Amino acid sequence: MGKYDFDKIIDRRGTACIKYDGRRRMGRDDLLPMWVADMDFELPSEIKDVLHARVDHGIFGYTDPDDAYFETLDKWFRKRYKTPIKKEWLVITPGIVYAIGIAIRAVTEKGESVLIQEPVYYPFREIVEDNDRVCVSNDLVYINGRYEIDFEDLEEKLKRPELKLMVISSPHNPVGKVFTRAELEKISRLCLENKVVLFADEIHCDFIFKGREFTPFLSLGREDTGNVIVATSPAKSFNIPGFQISNILIPDNGLRLKFRRQNSAAGYSQPNLMGLTACKAAYDFGGEWLDELKDYLEGNLCFLRDYLRDNIPDVKLVEPDGTYLLWLDFSQVTNDRTELRDLIVEKARLWLDAGRIFGGNSDLFERINIAVPRAVLKEALERLKVAIQQREALAAE
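Every residue gets a number counted from 1 within its own chain, in the order that chain's sequence is written. Residues qualify for local features only when their pLDDT is at least 70, as the model is predicted, and side-chain atom pairs are given and counted only at 80 or more; totals for whole chains, interfaces and linings, by contrast, use all residues. Hydrogens and water molecules were not included; the side-chain quantities draw on all heavy atoms of the structure.

Caption draft 1: Main features of the packing of aromatic side chains. Each Phe, Tyr or Trp ring, with Trp reduced to its six-membered ring, pairs with another whose centre is within 6.5 Å; inter-plane angles below 30 degrees give stacked pairs, above 60 give edge-to-face pairs, and intermediate values give tilted ones. Applying the stated criterion to the full structure yields 22 aromatic pairs. Measuring from centroid to centroid gives 5.8 Å for Phe41 and Tyr296, while their planes differ by 85°, and the two rings are edge-to-face. Of this pair, Phe41 sits in the loop between β1 (32–33) and α1 (45–57) while Tyr296 sits in helix α9 (residues 287–311), placing them 255 residues apart in sequence. Burial status follows relative accessibility: with a 1.4 Å probe on protein chains alone, a residue under 20% of its type maximum counts as buried, one over 50% as exposed, and anything between as partly exposed. Note on Phe41: relative accessible area 7%, which makes it buried. For the pair Tyr142 and Phe365, a centre-to-centre distance of 5.3 Å together with 80° between the ring planes defines the contact as edge-to-face. With Tyr142 in strand β5 (residues 141–143) and Phe365 in strand β15 (residues 365–369), this residue pair connects regions lying 223 residues apart in the sequence. Runs of H or I in DSSP of at least four residues are treated as helices and runs of E of at least two as strands, each being numbered from the N terminus.

Listed below in structure tokens is the structure:
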């Protein structure tokens, strides 16, 4: 038994959270929401006490990060990933998708291209196209239940003169792939050779399963990071996206200046005071909680893996290296996207993320968030099992 209770079920309805109260967009309130990357776990008292103390101070003026804030970041990345950072690299933004938008405007012009790797977190494509840039995908290749990089295709596309920026999800959302050091070095080399700026979204880096190792882009060496923008945030690790705080690290002076200019042009200056407070408190005092959480999530992964094998063998888990967002293959259940969504929403009464929104020939996949108490995960899987059994019974009549 650990120090923290991750089995505790907290009623989040009526708090304006999009995960539960957002069910109105689905036109019903009986769906079990397992979609958005938002955990159902309460912050530990070690972090909440710091937030309460800041509120009790009673004054909430404009605030900038101080030396203590940077020292906390540096300590976290040194201890967890043996990767020191420098204070001058830091640019704070209210979120990583926002930062991608800033990077797009900093290093590309309208009509130029940005490369992503689908299936991938769908706001990547949206932010590219909303900025009047051309989105190009180096689709990951699904082979024997795993996703791999098509390096031949990647190299060919990076050579295009109009392609100026690559955005990578590392660890990868939604397929759960943790890239090896060799893969990242090859990606970095190809981007350098073709003068393509590399934006690395590392927001899920704290969720790596046992036997796997996360390689930060900043650990590759100065030569490999001269054209890199690394996006980090405590938002996923501690479930504090509502505080809107991300720490963007840009080693190259010229690239950082371009990014800062676009950030200023967007009207952003001082960050959210409570976001700064929450980030520092999480990194200072939340390590033990996070480590216990990771063990709990690994238990949820094992529970789901065993449940599928024993009860719904036609639903295949794409075995993840990390993240709490699992990618499920339903191609042995149905070959029809519309039928799959009917099965998930109407029959199982679940709200998952439909694979099609992630691109990359993913119509028959669904993304499920397992960062919930195990009893909730069990209910979701039981709903899915019953729905599939009823469908099979009808087909047999």
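Past the structure itself, the notes keep going.
Caption draft 2: Structural context of the layout of surface pockets. Approximately 1,200 Å³ is the volume found for the largest pocket. Around the largest pocket, the lining comprises 45 residues; the ones closest to its centre are Ala37, Asp38, Ile240, Pro241 and Gly242. Put simply, the grid is 1 Å and covers the protein atoms alone, a cavity is a trapped set of points that fit a 1.4 Å probe, a pocket is an open set with protein on both sides within 12 Å along at least five of seven lines, and lining residues have an atom within 4 Å of a point. Grid points are joined across faces, edges and corners, and a volume is the space filled by probe spheres set on the points.

Caption draft 3: How the structure looks around the environment of Trp89. Locating Trp89 in the fold gives a position in the loop between α2 (67–81) and β2 (90–93). In this structure, the C-alpha to C-alpha distance between Trp89 and Pro251, residues 162 residues apart in sequence, is 5.2 Å. When neighbours within four sequence positions are excluded, Trp89 is seen to be in contact with Pro84, Leu218, Ile248, Leu249, Ile250, Pro251 and Arg256. We call two residues in contact when some of their heavy atoms are within 4.5 Å.

Caption draft 4: Highlighting the side chain of Ser169. Here Ser169 is to be found in strand β7 (residues 163–169). Side-chain atoms alone can form a polar contact between residues adjacent in sequence; in general such a contact is a pair of N or O atoms within 3.5 Å, and within protein one must be able to donate a hydrogen while the other accepts it. In this structure the side chain of Ser169 is engaged in a polar contact, spanning 3.1 Å, whose partner is the backbone oxygen of Pro171. There is a polar contact of 3.0 Å between the side chain of Ser169 and the backbone nitrogen of Asn173. Leave out the neighbours within four places in its chain, and Ser169 touches Val120, Phe124, Phe179 and Asp201.

Caption draft 5: Structural context of the side chain of Thr108. Turning to its location among the elements, Thr108 is positioned in the loop between α3 (96–107) and β3 (113–116). Note on Thr108: relative accessible area 2%, which makes it buried. Ignoring any residue separated from it by four or fewer positions in sequence, one finds Thr108 in contact with Ser113, Val114, Arg133, Lys164 and Leu165.

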